[in-house]
Amino acid sequence: GEDVEQSLFLSVREGDSSVINCTYTDSSSTYLYWYKQEPGAGLQLLTYIFSNMDMKQDQRLTVLLNKKDKHLSLRIADTQTGDSAIYFCAHEWGSSNTGKLIFGQGTTLQVKP
Amino acid sequence: EAGVTQFPSHSVIEKGQTVTLRCDPISGHDNLYWYRRVMGKEIKFLLHFVKESKQDESGMPNNRFLAERTGGTYSTLKVQPAELEDSGVYFCASSQVGTGELFFGEGSRLTVL
């Protein structure tokens, strides 16, 4: 299967941490991605993780990967109002670098001041 | 450097009419992809060009959709005749051969009435 599941909505207060979760079914992917879509804008690659890694940290962003459970999460520390956007989890179809991505439905993050 | 540009940003047409969406990839990017997000659902792959050749068109919904990339530069996606279920946001993305990072455009929103 190639389904990617995400919760649809998350609301946090400014300064709190946000955790966006994602589960997937295809375990052959080499890369797993998080994309961000701000209102009126295109998709922006936020971060990615290799499938042989458990964790990747990039400033306020922490990606955790549990391959056994096929679970990916994105943690945003000290969430700001500018982080309000739709966040899409995605993985490549198969194990080759084709650019054919399987996306989840997207999680809308609302940050309240 | 210009990013991926798409035109029009929004198109409203009636059922049965024809619409042509255009994508200009980043200069030098041989890979070009079309994706679609329908009614707040997941973003789905439509097809992949390498230069002017269709590498993978497994995601094209039916023969009402025709994608071209003459000359290997910009691409068009024509929907003829449009149906109500074609409404959604059509994203174009491009990448260099051998790299995994896709650069997305802002999308073309199609509304079929």
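Scroll up for the structure.
Let us look at the structure shown here. As the structure is a computational prediction, the values presented were derived from the model and not from experiment.

Cut-offs used in this document
Residues numbered from 1 in each chain as written. Chains lettered and ligands numbered in written order. Predicted model: local features only at pLDDT ≥ 70, side-chain atom pairs only at ≥ 80, totals over all residues. Heavy atoms only, no water. Phe/Tyr/Trp six-rings, centres within 6.5 Å; stacked < 30°, edge-to-face > 60°. Buried < 20%, exposed > 50% of the residue type's maximum accessible area, 1.4 Å probe, protein only. Helix = DSSP H or I, 4+ residues; strand = E, 2+ residues; numbered from the N terminus. Lys NZ or Arg CZ within 6 Å of the ring centre and 35° of its normal. Core = buried A, V, L, I, M, F, W, Y, C linked by side-chain atoms within 4.5 Å. Contact = heavy atoms within 4.5 Å. Disulfide = S-S within 2.5 Å. Pairing = 2+ DSSP bridges. Axes fitted to C-alpha atoms, helices over the stretch in contact; angles between N-to-C directions.

## Notes on the packing of aromatic side chains
- Under the definition given, this model contains 16 aromatic pairs over all chains.
- Ring centres of Tyr33 of chain A and Tyr35 of chain A lie 6.1 Å apart, and the angle between their planes is 45 degrees; this geometry places the pair in the tilted category.
- Residue Tyr35 of chain A is classed as buried on the basis of its relative accessible area of 0%.
- Seen from their ring centres, Phe91 of chain B and Phe104 of chain B are 6.4 Å apart, and the 80 degrees between their planes marks the pair as edge-to-face. Pair noted here: Phe91 of chain B is in strand 9 (residues 88-95) and Phe104 of chain B is in strand 10 (residues 103-104), with a separation of 13 residues, a long-range link.
- Since its relative accessible area comes to 9%, Phe104 of chain B is described here as buried.
- Linked through ring pairs, Tyr31, Tyr33, Tyr35, Tyr48, Phe50, Phe88 and Phe103 of chain A together with Tyr33, Tyr35, Phe45, Phe91 and Phe104 of chain B together constitute an aromatic cluster.
- The ring of Tyr48 of chain A has Lys56 of chain A lying over it, and the distance from NZ or CZ to the ring centre is 4.0 Å.

## Let's talk about the nonpolar core
- Core analysis: the largest hydrophobic core is formed by 21 residues, its most contacted members being Trp34, Leu46, Leu47, Met60, Leu77 and Tyr90 of chain B.
- If you list the elements that add at least two residues to this core, you get strand 3 (19-24), strand 4 (31-37), strand 5 (43-50), strand 7 (65-68), strand 8 (75-79), strand 9 and strand 11 (108-112) of chain B.
- Beyond its immediate chain neighbours, meaning those up to four positions away, Leu77 of chain B contacts Val19, Thr20, Leu21, Trp34, Leu46, Met60, Phe65, Leu66, Ala67 and Tyr90 of chain B.
- Core analysis: the next-biggest nonpolar cluster, separate from the first, contains 20 residues, Cys22, Leu72, Cys89 and Ile102 of chain A among them.

## Considerations on unusual backbone geometry
- Between Phe7 of chain B and Pro8 of chain B the backbone carries a cis peptide bond, its omega angle lying at 0 degrees.
- Relative to the helices and strands, Pro8 of chain B resides in the loop between strand 1 (5-7) and strand 2 (10-13).
- Positive phi, normally seen in glycine, also occurs at Gln59 of chain A, with a value near 55 degrees.
- For Gln59 of chain A, the location among the structural elements is in the loop between strand 6 (55-58) and strand 7 (61-66).
- The phi dihedral of Asp78 of chain A is positive, around 50 degrees, even though this residue is not glycine.
- Relative to the elements of secondary structure, Asp78 of chain A occurs in the loop between strand 8 (71-76) and strand 9 (85-92).
- When its relative accessible area of 40% is taken as the criterion, Asp78 of chain A is described as partly exposed.

## Focus: the state of the cysteines
Residues and elements named next belong to chain A.
- Taken as a whole and judged by the stated rule, the model has two disulfides over all chains.
- Note on cysteine connectivity: Cys22 is disulfide-linked to Cys89, with sulfurs 2.0 Å apart. As the torsion about the S-S bond is roughly -65 degrees, the Cys22-Cys89 disulfide counts as left-handed. Of this pair, Cys22 sits in strand 3 (residues 18-24) while Cys89 sits in strand 9; the two residues are 67 residues apart in sequence, bridging distant segments of the chain.

## Focus on the sheet that holds strand 3 of chain B
Residues and elements named next belong to chain B.
- Taken in spatial order, the four strands make up an open sheet running 1-3-8-7, and their pairing is antiparallel. Two strands in the sheet have a free side with no partner beyond their single neighbour: strand 1 and strand 7. Going across the sheet, the axis of each strand differs from the next one's by a mean of 15 degrees, ignoring polarity.
- Where strand 1 lies against strand 3, three bridges are found, and the strand directions are antiparallel. Its bridge partner being in strand 3, Thr5 is matched across the sheet by Asp24.

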